[in-house]
Amino acid sequence: MKKLAATALALSATALLSAAPAMAQGKTLTISWWGFNGEKLEAIVLAPFREQCGCEIVFETGNNGERLNKIQIRNGAGVDVAYFSDSFSQQGIEAGLFQKIDPAKLPNLAGIYELARDPQGGYGPAYTIGRVGIVYDSAKVTTPIASWNDLWREDLAASLSLPGITTTAGPMVVMKAGEHQGVDAFADADGAFAGVEALKPNVVKNYNTGSEMINLFSTGEISAAIAQDFTLGQIQAAVPSVVWAELGEGSIATLNTVNIPTGAAEPELAYQFINLILSPEIQQQLAEQGVDAPVNTSVTLTPEQAALWTYGADLIAGLQRIDYVKMNAAKSGWVDRWNEIFGM
Amino acid sequence: MKRFAGWTLASPATLLVVVFLVLPVLATIVTTFTTPGGPFSTYAAFFGSGFRRTVLWRTIQVSLATTVIALVIGFLTAYVVSRSPGWLKSILIVAAVFPLLTGVVVRSFAWLIILGKNGILNTTLLNLGVIGEPLTMLYTQGAVIIAMVYLFVPLMILTLVGVLEAIPDDLIQASASLGAKPTATFMQVTLPLAVPGLIVGAVLVFTGSFTSYATPQLLGGEQVMMMGTLMYQQAMVVFDWVAASTIAAVMVVITIAIVLLMTRVARRLNPMAV
């Protein structure tokens, strides 16, 4: 009898499992993401997921601000999985656009770095990790840059590009300017912006996209910049003498998160998708093929593969974190003050 | 009865224009008057900010400079084109229109290559010994104006060629036969008759420059921020749609004012033409 019951259970389970793709037939998962590396992501992530779910996948592409605006206009609907950098996903959370995540539905969370599991208080995990630091052309900047304070050095006059205040890394410049002046930018914006003002003579142009900054390097307009590490490979392809500065205070962590919007039509498919992209196999392939740095602790990379990434427990432990709640609250005022310095 | 039939025929197109063009703009503007701070609080905030006033004034300056330069270059070119024989005219028109076959970003990017520190212009001047150090040309108001003139001159030429071609040769010959010198003929016959084309071209260039985004962003950046860039920043980064709508409303009002002003000037130059 027991055997019969076990057989029946096994058969039912098999039937259920085999029916799973059929059940998802006709369903559509809508993903909002940047649109970079489309071919690689199709091969590594989308094709396996399509096979797993038997569903259609459609996309909404654009930069963080544009896509978050669209979701906000639709009051959290229209998208099932939303990729955003953490400063923007925090804005989405504060606007009530994302639902809390049920960790029980994401078994692969257990295998990723603590930092990435729940970076924003119960919302989506981070699927990749990066850092903001300083890059410089070692052929032109002969004294190595070893501290954030070096940005104010006189030998960098008219040779620096900062990320615009509207980018992910822009507000971090204000924080670093505050530290340079010995004040907390959130408590003493005047002090921090005095530091930004002091940095202005070194700035040629502030950039709004990574490709814009790479062009500034390749055309010789700049010899140093504050940058995110995912751009390093492309900068070095254009100017091989550009290096990542080893900063005494450490670089700043940036996390890219995946969230499920409040109005998602297919939340269960969204959970399956997020779980897949956190899996060791997918994370390994994404890192090996130069798409994203891994957050799964079991991913192993060769030194060559790891060279461009924020990779390894020690490096990740040394990163500085940003309080995006505070930063987003201050951002609007900071944008105006920044504009007054660089746009007048 | 005839008039009624005309209105009936025009009503579908009018309805489309109203629904898809006028109403969205009005809806945008209405939101700026319905804020908790009062109907004009967003405008007070806009004009109360020294930075925003600077951006507005800079945008007007750049757009006017672009329009004037494009008018001069466009008029001279169109005049030559309109007086050229058939085969040459075709070649010149194709050459003038050719830049329009590429996108605004590509055409603006070309100026990054020309005006850059290691760009074509600096390299040439350095090689000729004219300068000892590369000049800083990018990320200045001048760079934005140069690129915008390049963007809009083809539009001006196309607008003016048709107008200049429509001026009958008989009039020019009559003027000459009555003893007018070429300069007098140009000033008293050709130029007044070209006024409608000049106004249309000027309005197109001014509004295009005034609302442009990609070129000021690429060649000016934050240092030469213009209204389009500021509006994008408020909408897409600060998520302050009311502030962005206020900027849009200010742009609409100024554009209408400039168009009315141009029409008035045109009427003075040639009361028959407008």
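Heads up: the structure comes first, above all this text.
Each chain has its residues counted from 1, following the order in which its sequence is written. Starting at A for chains and at 1 for ligands, labels are handed out in the order in which the entities are written. Reporting of local features is limited, given that this is a predicted model, to residues whose pLDDT is at least 70; pairs of side-chain atoms are given and counted only at 80 or more, and all residues count toward the totals for whole chains, interfaces and linings. Side-chain numbers here rest on the full set of heavy atoms in the structure, without hydrogens or water.

(A) Quick look at the overall build of chain A. What chain A contains, in helices and strands, is 14 helices and eight strands. Over its C-alpha atoms chain A spans a radius of gyration of 22 Å, differing by no more than 12% from the 20 Å that the globule rule assigns to 344 residues. The C-alpha extent of chain A, read off along each of the three principal axes, is 85 × 45 × 30 Å. A total of 344 residues make up chain A; the buried ones form 54% of that total. Throughout, a residue-residue contact means that at least one pair of heavy atoms, one from each residue, lies within 4.5 Å. Considering only residue pairs separated by 6 or more positions, chain A has 72% of its internal contacts joining residues 24 or more positions apart. Only the protein chains shown count as cover for residues, and all accessible areas are computed by the Shrake-Rupley method using a 1.4 Å probe. Total accessible area computed for chain A in this model is approximately 14100 Å², and 56% of it derives from carbon and sulfur atoms. Helix and strand definitions follow DSSP, with helices as H or I runs of at least four residues and strands as E runs of at least two, each counted in order from the N terminus. To get the radius of gyration, use the C-alpha atoms; to get the globule rule, take the number of residues to the power 0.38 and multiply by 2.2 Å. When a residue's accessible area, from a 1.4 Å probe over protein chains only, is under 20% of the maximum for its type it is buried; when over 50% it is exposed; and in between it is partly exposed.

(B) Here's a closer look at helix H14 (residues 324-342) of chain A. Between its terminal C-alpha atoms H14 of chain A stretches only 24 Å, short of the 27 Å expected from 19 residues at 1.5 Å a residue. The term bend refers to the angle at a residue between two fitted axes, each drawn through seven residues, those ending there and those starting there. Most pronounced at Lys331 of chain A, the bend in H14 of chain A amounts to some 50°. Among all positions of H14 of chain A, only Tyr324, Met327, Asn328, Ala330, Lys331, Trp334, Val335, Trp338, Asn339, Ile341 and Phe342 of chain A are buried. Contacts from the buried residues of H14 of chain A go to helix H4 (86-94), helix H6 (170-181), helix H7 (189-199) and strand S8 (252-259) of chain A together with helix H3 (50-82) and helix H11 (227-236) of chain B. The opening residue of H14 of chain A is Asp323 of chain A, an N-cap whose side-chain oxygen sits 3.1 Å from the backbone nitrogen of Val325 of chain A. Expected span of a helix: the number of residues minus one, times 1.5 Å. Whenever a nitrogen or oxygen atom comes within 3.5 Å of another N or O atom, the pair is scored as a polar contact, on the condition that within protein one atom can donate a hydrogen and the other can accept it, and that pairs from neighbouring residues in sequence are kept only if both atoms are in side chains.

(C) A nonpolar patch on the surface, seen in detail. Taken together, the side chains of Leu15, Leu16, Val17, Val18, Val19, Phe20, Leu21, Val22, Leu23 and Leu26 of chain B define a hydrophobic patch exposed on the protein surface, amounting to about 900 Å² of accessible area. Judged by its relative accessible area of 43%, Leu23 of chain B is partly exposed. Note that patches include only residues with greater than 30% relative accessible area and no salt bridge, and the join distances are 9 Å for like charges and 5 Å for nonpolar side chains (Val, Leu, Ile, Met, Phe, Trp, Tyr). By convention in these notes, a salt bridge is any Lys or Arg side-chain nitrogen within 4 Å of a carboxyl oxygen on Asp or Glu.

(D) The environment of Pro103 of chain A, seen in detail. Along the chain, Pro103 of chain A falls in the loop between H4 and helix H5 (114-117). Between the alpha carbons of Pro103 of chain A and Tyr271 of chain A there is a distance of 9.6 Å; along the sequence they are 168 residues apart.

(E) Fine view of the state of the cysteines. Residues and elements named next belong to chain A. Here, the term disulfide refers to a pair of cysteine sulfur atoms separated by no more than 2.5 Å. Inspection of every chain in the model, using the stated rule, returns one disulfide over all chains. Covalently, Cys53 is tied to Cys55 through a disulfide, its sulfur atoms 1.9 Å apart. On the S-S bond that ties Cys53 to Cys55, the torsion sits near -75°, and the link is left-handed. Here Cys53 matches Cys55 in class, with each residue buried.

(F) Summary view of the pattern of salt bridges. Residue and element names in this part refer to chain A. By the definition in use, this model includes 14 salt bridges over all chains. Across the salt bridge formed by Glu268 and Lys105, the nearest N and O atoms sit 2.9 Å from each other. You can see Glu268 sitting in helix H10 (residues 267-277) and its partner Lys105 sitting in the loop between H4 and H5, a full 163 residues away along the chain. When its relative accessible area of 44% is taken as the criterion, Glu268 is described as partly exposed.

(G) Main features of the nonpolar core. Judged by nonpolar contacts, the single largest core of 48 residues is most densely connected at Val135, Met213, Phe217, Ile222 and Ile235 of chain A together with Val144 and Leu219 of chain B. The set of elements that each furnish at least two residues to this core consists of helix H8 (210-218), strand S6 (224-228), helix H9 (232-238) and strand S7 (242-244) of chain A together with H3, helix H5 (104-115), helix H7 (141-165) and helix H9 (182-210) of chain B. For this core, the element with the most residues is H7 of chain B, which contributes 14 residues. Setting aside chain neighbours within four positions, we find Leu219 of chain B in contact with Ser108, Trp111, Leu112, Leu138, Tyr139, Thr140, Ala143, Val144 and Ala147 of chain B. Think of a nonpolar core as a cluster: buried Ala, Val, Leu, Ile, Met, Phe, Trp, Tyr and Cys residues, connected wherever their side-chain atoms sit within 4.5 Å. Formed by 42 residues, the second largest nonpolar core is a distinct cluster that contains Leu29, Trp33, Leu255 and Val291 of chain A.

(H) Seen up close, unusual backbone geometry. Even without glycine at this site, Asn37 of chain A takes up a positive phi of about 55°. Among the secondary structure elements, Asn37 of chain A is positioned in the loop between strand S1 (28-33) and helix H2 (38-53).

(I) Focus on the interface of chain B and chain A. At the junction of the two partners, chain B supplies 27 residues and chain A supplies 33 residues. Put simply, buried area is the surface a 1.4 Å probe can reach on two separate parts but cannot reach once they are joined, added for both. Both faces considered, chain B and chain A share a buried interface measuring about 2400 Å² in area, 51% of it formed by carbon and sulfur atoms. Summed over the shared surface of chain B and chain A, the number is one salt bridge. In this structure, Asp336 of chain A engages Arg52 of chain B in a salt bridge whose closest nitrogen and oxygen atoms are separated by 3.4 Å. Where chain B packs against chain A, one counts 13 residue pairs in polar contact (both at pLDDT 80 or more). If one sorts the elements of the side of chain B that touches chain A by residue count, H11 of chain B sits on top with six residues.

(J) Main features of H7 of chain A. If you check which residues of H7 of chain A are buried, you get Gly191, Ala192, Phe193, Gly195, Val196 and Leu199 of chain A. Each element contacted by the buried residues of H7 of chain A is listed here: strand S5 (160-161), H6 and H14 of chain A.

(K) Spotlight on the pairing of S1 of chain A. Residue and element names in this part refer to chain A. The element S1 is extensively covered by neighbouring structure, given that five of its six residues are classed as buried. Two strands pair if DSSP finds at least two bridges between them. Pairing of S1 with strand S2 (residues 56-61) involves six bridges; the strand directions are parallel. Looking at S2, one finds that Ser32 is bridged to Glu60. By convention, orient the strands away from the viewer: a clockwise path from the first strand over the helix to the second makes the crossover right-handed. Taken together, S1, H2 and S2 form a β-α-β motif whose crossover is right-handed. Where S1 lies against strand S3 (residues 81-85), two bridges are found, and the strand directions are parallel. What sits directly across from Ile31, in S3, is Val81.

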